[in-house]
Amino acid sequence: MAASLSAPPALPRASPAAARVRTAGAVRVRTAAAALGGGYGGGMEQFHREDPRSPVSVENPENPVMSNIGKSTNILWHNCPVGQSDRQKLLGQKGCVVWITGLSGSGKSTLACALSRELHCRGHLTYVLDGDNLRHGLNRDLSFKAEDRAENIRRVGEVAKLFADAGIICIASLISPYRRDRDACRALLPDSKFIEVFMDLPLKICEARDPKGLYKLARTGKIKGFTGIDDPYEPPVNGEIVIKMKDGECPSPKAMAKQVLCYLEENGYLHA
Ligand SMILES: Nc1ncnc2c1ncn2[C@@H]1O[C@H](COP(=O)(O)OS(=O)(=O)O)[C@@H](OP(=O)(O)O)[C@H]1O
Ligand SMILES: Nc1ncnc2c1ncn2[C@@H]1O[C@H](COP(=O)(O)OP(=O)(O)O)[C@@H](O)[C@H]1O
């Protein structure tokens, strides 16, 4: 239906790909103006996809769909002939994200490592994305104020999604204190590929552990905005897995890992 359409009058700084498709005379473009609701007039709006993030299948190379996403203009989704299901078959598992959330000191990293080890021993490919570690590199420009935590979680959600797409069991271990940010990650991973694990341990226990001495610093005002002390933690409402105390005891790292492992087994993630 777009074959009769011509390119909009002033396509801002066309990429080589855009130039290529324009000379083919069959351009469908979602412009920055259109993205803002202005459009180019002439019915360009009709070519918007409902979800500009969803992959564009370039089934008809004569008629590709150009998109503007965020600050990226004139971009085109390229499909690869080897897909997620091919990689999953190769690995004998389903790519997914095990998202571990909870207070500092609740045992997120301990569970992430124990789970990764258990899965590895059973021949499964995993990768751990640990909040502390990522803040040494990818997220080193981010602080602990709310908008930076949100950006932290957004980036890790996107990276985790790539790992899951690669067929890997990605274990993300971050405080991720705000429900909205975690839910946004869940939305990135449909088909139950986002498994939220809540470390439901009382603040008192986490604070007593205080392996890095951060709670002490927060209590004396030397760290501001510390989660659980003077910054909020919003527990999951409908998470898949809850790790909690039993008879006043915290389950051992192995027991916590087993709980998650059973979930993965029972829900078919450990088979392609
Ligand atoms: N203000 C404040 N609040 C919470 N945590 C703090 C803060 N400052 C430093 N730290 C240390 O940073 C680790 C948490 O990083 P995350 O990336 O997981 O945090 S978040 O998800 O963006 O909230 C966290 O690591 P864990 O103890 O492993 O959770 C802390 O060691
Ligand atoms: N299940 C557990 N039983 C006993 N101690 C634990 C358990 N999980 C973690 N710990 C201890 O608690 C402290 C905090 O654990 P950690 O995994 O670093 O938490 P987080 O990543 O949530 O900050 C560490 O000293 C760790 O050894």
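None of these values were measured; they are calculated from a predicted model.

Quick notes on the rules
Residues numbered from 1 in each chain as written. Chains lettered and ligands numbered in written order. Predicted model: local features only at pLDDT ≥ 70, side-chain atom pairs only at ≥ 80, totals over all residues. Heavy atoms only, no water. Helix = DSSP H or I, 4+ residues; strand = E, 2+ residues; numbered from the N terminus. Buried < 20%, exposed > 50% of the residue type's maximum accessible area, 1.4 Å probe, protein only. Contact = heavy atoms within 4.5 Å. Areas by Shrake-Rupley, 256 points an atom, 1.4 Å probe, with all protein chains shown as cover. Near = heavy atom within 4 Å. Polar contact = N/O pair within 3.5 Å; in protein donor to acceptor, adjacent residues only side chain to side chain. 1 Å grid on protein atoms, 1.4 Å probe; cavity = no way out; pocket = protein on both sides within 12 Å on 5 of 7 lines; lining within 4 Å. Sits in = over half its atoms within 2 Å of the grid points. Nonpolar A, V, L, I, M, F, W, Y, C, P; charged D, E, K, R; others polar. pLDDT = per-residue confidence, 0-100. Salt bridge = Lys/Arg side-chain N within 4 Å of Asp/Glu carboxyl O.

Scanning the chain for helices and strands turns up 10 helices and 8 strands. In the chain, buried positions account for 42% of the 272 residues. By sequence separation, contacts in the chain at least 24 residues apart represent 69% of the contacts at least 6 residues apart. By element, 55% of the accessible surface of the chain is carried by carbon and sulfur atoms, the whole surface being about 14,700 Å².

This next bit is on the site of ligand 2. By nearness alone, 15 residues border ligand 2, and G105, K108, S109, T110 and P251 come closest of all. Contact between ligand 2 and L103: an oxygen atom at 3.5 Å from a main-chain N or O atom of the residue. Within the contact set of ligand 2, an oxygen atom lies 2.8 Å away from a side-chain nitrogen or oxygen of S109. Placement of ligand 2 is best described as lying within the second largest pocket. Secondary structure elements with two or more residues in the shell around ligand 2: α4 (108–121) and α10 (253–266). Sorting elements by how many residues they give to the shell around ligand 2 places α4 first, with 3 residues. Each residue belonging to the shell around ligand 2 can be placed in one class, and the counts come to 6 nonpolar, 7 polar and 2 charged.

This part covers the confidence of the model for the chain. Here the chain averages 84 in pLDDT, and 78% of its residues register 70 or above. For residues 1–58, every residue scores under 50 in pLDDT, and the model assigns this stretch 80 contacts once sequence neighbours within four places are set aside. Both confidence scores are given for the complex: pTM 0.83, ipTM 0.99.

What follows is about the pattern of salt bridges. Applying the stated rule across the entire model yields 12 salt bridges. Among the salt bridges present, the one from R155 reaches E151, with a minimum N-O distance of 2.7 Å. With R155 and E151 both in helix α6 (residues 146–165), this residue pair falls 4 residues apart, about one helical turn. Take E151: its relative accessible area is 22%, and that puts it in the partly exposed class. Across the pair E196 and R186 runs a salt bridge, and its minimum N-O distance is 3.2 Å. Here the residue E196 occupies a position in strand β7 (residues 194–200), and R186 occupies one in helix α7 (residues 179–188), the gap between them amounting to 10 residues. Take E196: its relative accessible area is 3%, and that puts it in the buried class.

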